Each structure stands twice: as C-alpha cells, then as structure tokens.
Amino acid sequence: MSFKTLLYDVDGAIATITLNRPQRLNTIVPPMPDEIESAVHEAIDDEHVKVIVLRGAGRSFCAGFDFAGGFHHWDAHLTTDGEWDAGKDFVAATAPSLGAVPKFMALWRSPKPVIAQVHGWCVGGGSDMALCADLVIASQDARIGTSYSRMWGCYLTGMWLYRLGLTRAKEHALTGKPLSGSEAVDAGLINAAVPFARLESEVRERAQQLAAIPSSQLSAMKLVVNQAYENMGLASTQALGPILDGLMRNTPDAKRFIELAEREGVGDVVAMRDGSQAPPEEQPNPDNVIVP
C-alpha cells in the first residue's frame, strides 16, 4: 500500500510506521489520520507481524495538527460557505469514519502491541496520538506537552488524563506545562526515556522481547488492560474532548489566534500563547534526527 504522509516497513516480526513530513515536524494534515489507521490494519492483517513501532522522521515525532495557513486543509469537515459549522465539526470529530481520534485509536485497539518511539517535539495532537500506543519510549530531551491547553484546543484522546491520574492531570490540563522525556517518565506519563543515541536500539530491543511472546497472549493481556480503562468511561471522554476542542477553536480569542497565525506565521502565535519560545535548554536537540 502506498502512503502520502507516512512510510510503512516490515522487518521480521516488527512493522514500523514512520510519520513522514519531516519538513513540517510531522504535523498532522489529511490524510495522515486515515493512513495511520490503514497502516495499523495492514500490520494486523500480516500474520508475520507481532509488534508495531510508531515513530517520526526528521527532528520530531509530531508537532501536533498543522494550523499553518489558517487550518484550511480541514475546511471540508469544519465549514459551510466559509464559516465554521458547529454541526459539521462535531460530526466529523466524533464519527469513526471521519474523526482523527477514532483513527488514532486504531493504535489502542490493535490486538498487536504498539510502541511509540518519541523524539524531538511530541505536542498537541501528536501527544494525543503517541499516548494511544501501549508503550511510549522517548529520548530524554524530547518535549511532550499540550500547549493547546492555553489556547485553541482541548484534550482529544483523553490519554493524558488516564495515564497521569487526577492530581497531575489537573496541573497539566490547566497550565499546558510541557515535560521532557525524563520528566514524563517521573510523572508516569510514559514508560522510559533514554539518550537519543540509544533510542532506536532500546525500542528495537523491547519490540523483539514482545515478539518472543505468543501473539494470542499479547492480545489477551492488552485487551484486559484496555477494557479496564474502557469501563472507566474512555469512550465518553473521547466524545466530549473533540467537541470541546471545536468550541475552543472558535472563541473570539481563538479566532484572533488563528488569524494571526495565517497572517504572520505559526511562530508568532506560539510565542504569544506560550509567553515566549522555550530557552534552548528546554528544547529538543535539533541534531537528533531519525532517518527512515
């Protein structure tokens, strides 16, 4: 199968899905959510594949939804006659065949375990995507966060809530405070953080360990854990989150925010929302690059 926004490769029992928009930090545009779902289904259908790895090409895993140019690449599902259509938005956001969140949840629902390999920026919708994986392994200097907590968005998959627990979830929901890979481990958000030089080998080793276990056993254990969280109301959280996200993208403040992004560039609005660009010591190392 040929993809526009990602690469798909199989090596033995391990399938690797690589987000492949490195010039845009793998930001999410159509048809990326659909292609992620399709690639996961391809791995599920391949009897030789036992583990799926999700990663990003270039300097980052994924810097969230691409809102350069005013977010117009999503207009077909969001607007009518050039104006935001709330009805269209909530239908598109929550419909299994249209919404990004149901597509990301292919990672969660796959009977085969998924490891997210995170480096560079993993923010906004990119973090929502990564946290749908079963294991998340990051480079120590990766930056994981939801800056949309401060403007223009809302939790989508709900995985920040279920992984962090109440106390930390409230803090990050209200502040949008980002975490380094190392800090994310300490917070219980992800599984491990290693130096970037070891990241690929660490993920490969863990994938091989899982691949040595019978597929039915992996599937059973994943299903029973997932079901516990489904019983906590995950589906209803994921219905509400994208609806609130649509509302928060269309408040007067949010409209000024996206108009500035369209007029002056994403960098300026990010600086406005976040107060300033993070100092160098709080940014990922730009020399840490994944080459597919």
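Residues numbered from 1 in each chain as written. Predicted model: local features only at pLDDT ≥ 70, side-chain atom pairs only at ≥ 80, totals over all residues. Heavy atoms only, no water.

On to unusual backbone geometry. Backbone torsion omega between P30 and P31 reads 5°, so that peptide bond is classified as cis. Following the sequence through the fold, P31 ends up in the loop between β2 (14–19) and α1 (32–45). Within the chain, N26 stands out as a residue other than glycine whose phi angle is a positive 60°. Inspection of the secondary structure puts N26 in the loop between β2 and α1. When its relative accessible area of 0% is taken as the criterion, N26 is described as buried. Phi at W152 is positive, roughly 75°, even though this residue is not glycine. (Helix = DSSP H or I, 4+ residues; strand = E, 2+ residues; numbered from the N terminus. Buried < 20%, exposed > 50% of the residue type's maximum accessible area, 1.4 Å probe, protein only.)

The next subject is a negative patch on the surface. Taken together, E183, D186, E281 and E282 make up a surface patch of like negative charges. For E183, the position within the fold is in helix α8 (residues 181–186). (Patch = residues over 30% accessible without salt bridge, like charges linked within 9 Å, V, L, I, M, F, W, Y side chains within 5 Å. Areas by Shrake-Rupley, 256 points an atom, 1.4 Å probe, with all protein chains shown as cover. Salt bridge = Lys/Arg side-chain N within 4 Å of Asp/Glu carboxyl O. Lys, Arg positive; Asp, Glu negative; His and termini not counted. Charge placed at Lys NZ, Arg CZ, Asp CG, Glu CD.)

With respect to burial, strand β8 (residues 135–139) is a largely interior element, 4 of its 5 residues being buried. Two elements, strand β6 (residues 114–118) and β8, share 4 bridges in a ladder whose sense is parallel. Paired with V118 across the strands is A138, a residue of β8. Two elements, β8 and strand β11 (residues 192–194), share 3 bridges in a ladder whose sense is parallel. (Pairing = 2+ DSSP bridges.)

That's the geometry; what it means functionally is another story.
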